[in-house]
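# What the coordinates show
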Amino acid sequence: MDKGCENINTDLAQLSDLLHNSKYAVVLTGAGMSTESGVPDFRSKEGWWNKINPATVASTSALEHNYDLFRDFYQYRIKALSQCKPNTGHKILAEWEAKGLIKCVITQNVDGFHKAAGSKNVYELHGSINSIRCDSCGKETDVQNFMDNADCPVCKGKLRPGVVLFGESLPEDAWSKAIEEIRKADLIIVIGSSLTVSPVNHLPFITKGKKVLINLDNTDLDSEFDLIIHGKAADTLNKLNGIMKTD
Ligand code: OAD
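Not measured: the values here are computed from a predicted model.

## Re the pairing of strand β9 (residues 227-230)
Taking every second residue as pointing to the same face, the buried face of β9 carries Leu227 and Ile229, while none of Ile228 and His230 on the other face is buried. The pairing of strand β8 (residues 210-215) with β9 spans four bridges and is classified as parallel. Looking across to β9, one finds that Val212 is bridged to Leu227.

Put into structure tokens, the structure is as follows:
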């Protein structure tokens, strides 16, 4: 066994112990959770924000002044997402919740994959790309209307996905619930986030419990964690699940 392999096995064994011994474990996920489903993240080499400036497509200003491009961007993402599905990692987290090993998943992802995989306690801090509403009157409508370039059937306002745009606040309910859960937690496992976007990147540090990060690349906050596992989310969770079952 090479040294790298030995290290990762020790780290996984440590995380398995932490999970078994915790009474209130919570998980916080970012875009890296879904790349193994084929959904691009934002800041990796192939990520969205290396191809396109978020201000031009994912901001309140884009919605107001550049609606055609805004709509093209989200239509493209909704269509691409319909070809993807939750991966093993999402499913393992759902199984862990059902077994009582974790209490909830707090996510920055808008793809809905945690719920689709069967997780019940999910707090979507950046909203959901598949819930379409009118930006003027707030009335929810079918995704297909947005895909067909329709206006709001009620007031003719602009349709938009229920995601948090740059320049908007996070949904209050999900945010306050996430804070409540993390305050109660004795273990937080962050998976697949660059931890560059505020306010979510502050969340791991309000726990009094242990902090673990599973991420492919280094982040600027690595030194704040008790344990870091550099690896792919689904692959790492799958290996960890194997260890947990034999423990
Ligand atoms: P980022 O794209 O900023 O970071 C994704 C992180 O996941 C990177 O550090 C990658 O190294 C890592 N990663 C990629 N694939 C992985 C894999 N298979 N396993 C483990 N790690 C992997 O995404 P977020 O941190 O989620 O907001 O970005 C936060 C927010 O920025 C997003 O929710 C989005 C974006 O602007 C809005 O659109 C409001």
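## What to know about the pattern of salt bridges
Inspection of every chain in the model, using the stated rule, returns eight salt bridges. The closest approach of N and O atoms between Arg71 and Asp68, which form a salt bridge, is 3.5 Å. On the criterion of helical spacing, the pair formed by Arg71 and Asp68 is a turn pair, its members being three residues apart in helix α4 (residues 67-81). The class for Arg71 is buried, based on a relative accessible area of 12%. Judged by relative accessible area, which is 51%, Asp68 ranks as exposed. One salt-bridge network, in which partners are shared between bridges, spans Asp135, Arg160 and Glu168.

## What about the site of the ligand?
With respect to spatial proximity, 25 residues lie near the ligand, and among them Phe42, His126, Ser193, Ser194 and Asp217 are the closest. Between the ligand and Arg43, the relevant distance is 2.7 Å, taken from an oxygen atom to a side-chain nitrogen or oxygen of the residue. The contact in question runs from an oxygen atom of the ligand to an N or O atom on the backbone of Gly192, over 3.4 Å. Burial of the ligand by the surrounding chains reaches 95%, relative to a free accessible area of 780 Å².

## What to know about the pairing of strand β1 (residues 25-29)
In terms of residue burial, β1 counts as a mostly covered element, since five of its five residues are buried. As paired elements, β1 and strand β7 (residues 187-191) share five bridges and run parallel to each other. From the neighbouring strand, Leu28 faces β7, where its bridge partner is Val190. Where β1 and strand β2 (residues 104-107) come together, four bridges link them in parallel fashion. Paired with Val27 across the strands is Val105, a residue of β2.

## A closer look at the environment of Ala80
Relative to the elements of secondary structure, Ala80 occurs in helix α4. Taking the C-alpha atoms as reference points, Ala80 and Lys120, separated by 40 residues in sequence, lie 25 Å from one another.

## Observations concerning the sheet that holds strand β5 (residues 140-141)
Taken together, three strands build an open sheet; the order of strands is β5-β4-β6 and the sheet is antiparallel. The open sheet has two free edges, formed respectively by β5 and β6 (159-163), since each of these has just one partner strand. Pairing analysis gives two bridges linking strand β4 (residues 127-134) to β5, with the strands arranged antiparallel. Of the residues in β5, the one forming a bridge with Arg133 is Glu140. Its contacts with the sheet place α4 against β4 and β6, and it is angled at close to 130° to β4.

## A short note on helix α8 (residues 172-184)
Each α-helix turn comprises 3.6 residues. Residues three or four places apart therefore point the same way. Helix length check: α8 (13 residues) gives 18 Å between terminal C-alpha atoms against 18 Å at 1.5 Å per residue, within 8%. Looking at the packing, one finds that the buried side of α8 touches β1, β2, β3 (122-124) and β7.

## Quick look at the sheet that holds β3
The sheet built from six strands is open, its strands ordered β3-β2-β1-β7-β8-β9 with parallel pairing. Single-partner strands in this sheet number two, and they are β3 and β9. The sheet shows a mean angle of 15° between the axes of neighbouring strands, taken without regard to direction. Bridge count between β2 and β3: three bridges; the pairing is parallel. Its bridge partner lying in β3, Thr107 is registered against Glu124. Strands β1, β2, β3 and β7 of the sheet are contacted by α8, whose axis makes an angle of about 130° with β3.

What counts as what
Residues numbered from 1 in each chain as written. Predicted model: local features only at pLDDT ≥ 70, side-chain atom pairs only at ≥ 80, totals over all residues. Heavy atoms only, no water. Buried < 20%, exposed > 50% of the residue type's maximum accessible area, 1.4 Å probe, protein only. Helix = DSSP H or I, 4+ residues; strand = E, 2+ residues; numbered from the N terminus. Pairing = 2+ DSSP bridges. Salt bridge = Lys/Arg side-chain N within 4 Å of Asp/Glu carboxyl O. Near = heavy atom within 4 Å. Polar contact = N/O pair within 3.5 Å; in protein donor to acceptor, adjacent residues only side chain to side chain. Areas by Shrake-Rupley, 256 points an atom, 1.4 Å probe, with all protein chains shown as cover. Contact = heavy atoms within 4.5 Å. Axes fitted to C-alpha atoms, helices over the stretch in contact; angles between N-to-C directions. Expected span 1.5 Å × (residues − 1).

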